[in-house]
There are 2 protein chains.
Amino acid sequence: MTFTTRLTELLGIEHPILLAPMGSASGGALAAAVTSAGGFGFVGSGYASSETVHREMLAAGNVRIGVGFINWALQDRPEALDAALEHDPAAVMLSFGDPTPFASRVKQAGSLLFCQVQTLDMAKQAADAGADVIIAQGRDAGGHSGHVRGTFGLVPSVVDAVAPIPVVAAGAVADGRGLAAALVLGAEGVLMGTRFAASKESQWSEVLKQGAVAAASDDTEQTRVFDIVRGAAWPTHFPGRAVRNAFSARWNGREEDLANQRDAENARYDATEAGDLSTGVLWAGEGVDLVKDIPSARDIVLRTVAEARKALGASWPG
Amino acid sequence: MTFTTRLTELLGIEHPILLAPMGSASGGALAAAVTSAGGFGFVGSGYASSETVHREMLAAGNVRIGVGFINWALQDRPEALDAALEHDPAAVMLSFGDPTPFASRVKQAGSLLFCQVQTLDMAKQAADAGADVIIAQGRDAGGHSGHVRGTFGLVPSVVDAVAPIPVVAAGAVADGRGLAAALVLGAEGVLMGTRFAASKESQWSEVLKQGAVAAASDDTEQTRVFDIVRGAAWPTHFPGRAVRNAFSARWNGREEDLANQRDAENARYDATEAGDLSTGVLWAGEGVDLVKDIPSARDIVLRTVAEARKALGASWPG
């Protein structure tokens, strides 16, 4: 049972399911597990860390995977892209900023260029930059995304605007109903983050994984406070969706105050046990309501396909 | 060609497409046109105005329609519900606040109770109140909605939580791909606003309709400034999605200032020509990218069904 789409054909994979390149979750082990299950895994490069790239590309062994970058971070450390290309990744994903400065190097190296966008304007920019695949990410997503567009409306808008470039849906996709909805909206597949972050092979701690299982989507929100306290220089138009906790409740709306006393707060933040979710960040998208267990990546891929097939009926092509 | 769902069976209609009860757009003529095309129309009651209710219910003639209320406004003017029930509406929609105080009157009068909700918690409240149908409205919607949940993630969450109560998807649904996606996410139909606001039978001015055709979803945003200047007492957790213009650009982030000088600004706001979209509000959801013409309500219903059938393939049940 599978879905054949232009994405599966382009990547030479069985199922149109991609792993989001999440820092501190999508290491080589998880990326390899998603690919081995018939999907396709992207390792996260952190903030364009060559060391992370080398380590996690090697950790994937001989399994065909990709790597994802944060464009504004890559601008400061462009050598991380060279590090990635040494490993001949099947695909490179560029997100959060203009992909144009890096696009030609990716394509010249023979990797497929995936650009993740958060608005229709960014989609057009990615098309102009030569993207082979465009990922339309709604603000429903966990972790960082835009704040302007939601998944439901963004996907068909981007599909119409960039045709015939294949589009992948991201943001609140956490089960087969989400995959099925993405396909009928015109996408060629999905990118899943939160669902895979709470998998056996994820780099997340057990506390974070159990936190995702317990979390309610109503309790997630886009915020900048975790970036401010960690000193992560995210542009203000890319907030991060996390589960509301005591720390975010204290600082939301007081971002300037937090920035002004960052050193003290950062020390306090780092000193809390990593397992203290009343302070530490639990990134989660609005699909987290649907995350009720911590299965293997393979189980997630196969279950998602089976659910989508059930949601769509047997006659869906592929 | 149609889709038979638990919604169409409950309402005795042909197509699972509902007209949102939009103030200043969904009058009796539009509601009747949607029902006559095989969907189901809700007239807007404004801010619980008995006069509007009587006038628009009568304007629908003998066509079977419903009426929608804003719960916090109905609290102040409960007589508007009595006015509505005099017309034996097939359904009453309650939205934006706790439906419990009004639920039993609706059901005792023999009307179906539709509750529109914006979070999973509100969905559970509506189920407890005895809702016959629950409309899950994402913040992707035009006009007023919540700011916590997006359509893509909210729909399956609500479907799971309130089963077997039928769920309808709202927010950025503007074509047949959206209807198809709603169905595979587990909804029994859709509620469309912006798409019908830009129809021939809508009460909107030609300037507003053409404005919607010209608008880009990237340029919509949730804001409170139009409510503040008009003196509409919306709770802060129900902002309104509108197309950004000079007025909203001037006041966003300065809501308190605007409230403090409301009298002067209100006079200025009212004095601008209704056709001046640099000041006046153009409510629009994130589906507005897909609004490219001003057809009849019948054309919208039939086109949406045909597109959904194409998106889903012929074997979809119904």
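This text follows the structure it describes.
Attention in this report is confined to the structure presented alongside it. Given the structure is predicted, the values throughout are model-derived calculations rather than measurements. (Residues numbered from 1 in each chain as written. Chains lettered and ligands numbered in written order. Predicted model: local features only at pLDDT ≥ 70, side-chain atom pairs only at ≥ 80, totals over all residues. Heavy atoms only, no water.)

1. Observations regarding the interface of chain A and chain B
Okay, step 1: Counting residues at the interface gives 35 residues for chain A, matched by 35 residues for chain B.
Okay, step 2: Approximately 2,900 Å² of surface area, both sides summed, lies buried where chain A meets chain B, with 51% of it carried by carbon and sulfur atoms.
Okay, step 3: For the chain A face of the interface with chain B, the top three residues by lost area are A:F152, A:R177 and A:D218, together amounting to 26%.
Okay, step 4: Seen at the junction of chain A and chain B, the total is 12 salt bridges.
Okay, step 5: A:R139 serves as the salt-bridge partner of B:D140, at 3.8 Å between the closest nitrogen and oxygen.
Okay, step 6: For the pair chain A and chain B, the number of links is 18 residue pairs in polar contact (both at pLDDT 80 or more).
Okay, step 7: Only α7 (120–128), α8 (151–162), α9 (176–184) and α16 (297–312) of chain A provide two or more residues apiece to the side of chain A that touches chain B.
Okay, step 8: With 7 residues, α8(A) is the largest single contributor of residues to the side of chain A that touches chain B.
Okay, step 9: Tallied by class, the residues present in the side of chain A that touches chain B amount to 16 nonpolar, 9 polar and 10 charged. (Contact = heavy atoms within 4.5 Å. Buried area = accessible area lost by both parts, 1.4 Å probe. Salt bridge = Lys/Arg side-chain N within 4 Å of Asp/Glu carboxyl O. Polar contact = N/O pair within 3.5 Å; in protein donor to acceptor, adjacent residues only side chain to side chain. Helix = DSSP H or I, 4+ residues; strand = E, 2+ residues; numbered from the N terminus. Nonpolar A, V, L, I, M, F, W, Y, C, P; charged D, E, K, R; others polar.)

2. Here's the deal with the sheet that holds strand β11 (residues 240–243) of chain B
Each strand in a sheet pairs with its neighbour through backbone hydrogen bonds, running either in the same direction (parallel) or in the opposite one (antiparallel).
Okay, step 1: Reading across the sheet, the 3 strands line up as β7-β11-β10 (chain B) and stay open at both edges, with antiparallel pairing between neighbours. Two strands bound the open sheet, and with one partner strand each, they are β7 (143–144) and β10 (220–223) of chain B. (Pairing = 2+ DSSP bridges.)

3. Remarks on the nonpolar core
Okay, step 1: Ranked by internal contacts, the top residues of the largest apolar core, which has 208 residues, are A:F69, A:F114, A:F196, B:F69, B:F114 and B:F196.
Okay, step 2: Sequence-distant contacts of B:F69, that is, excluding residues within four places in its chain, are made with B:S45, B:A48, B:V53, B:L74, B:A80, B:L81, B:A84, B:V92, B:M93, B:L94 and B:S95. (Core = buried A, V, L, I, M, F, W, Y, C linked by side-chain atoms within 4.5 Å. Buried < 20%, exposed > 50% of the residue type's maximum accessible area, 1.4 Å probe, protein only.)

4. Some thoughts on the relation of the copies chain A and chain B
Okay, step 1: Least-squares fitting of chain A to chain B yields an RMSD of 0.0 Å, with the superposition described by an axial translation of 0.0 Å and a rotation of 180 degrees. With respect to symmetry, the two chain copies, as superposed, fit the operation of a two-fold axis. Using C-alpha coordinates, one finds that chain A approaches the rotation axis most closely at A:A181, a distance of 2.1 Å.
Okay, step 2: By residue overlap, the copies meet face to face through one surface: 100% of the interface positions of chain A are interface positions in chain B. (Least-squares fit on C-alpha atoms with pLDDT ≥ 70 in both.)

5. Let's talk about the sheet that holds strand β8 (residues 167–170) of chain A
Residue and element names in this part refer to chain A.
Okay, step 1: One closed barrel accounts for 8 strands, arranged β1-β2-β3-β4-β5-β6-β8-β9; its pairing is parallel. Put simply, the sheet's adjacent strands are angled 25 degrees from each other on average, direction ignored.
Okay, step 2: For strand β4 (residues 91–95) and strand β5 (residues 112–117), the ladder comprises 5 bridges, and the chain directions are parallel. For S95, the partnering residue across the bridge sits in β5 and is Q116.
Okay, step 3: Across the sheet, α9 touches β1 (17–19), β8 and β9 (189–192), and the angle it forms with β9 is around 135 degrees. (Axes fitted to C-alpha atoms, helices over the stretch in contact; angles between N-to-C directions.)

These values are about where atoms sit, not about what they do.
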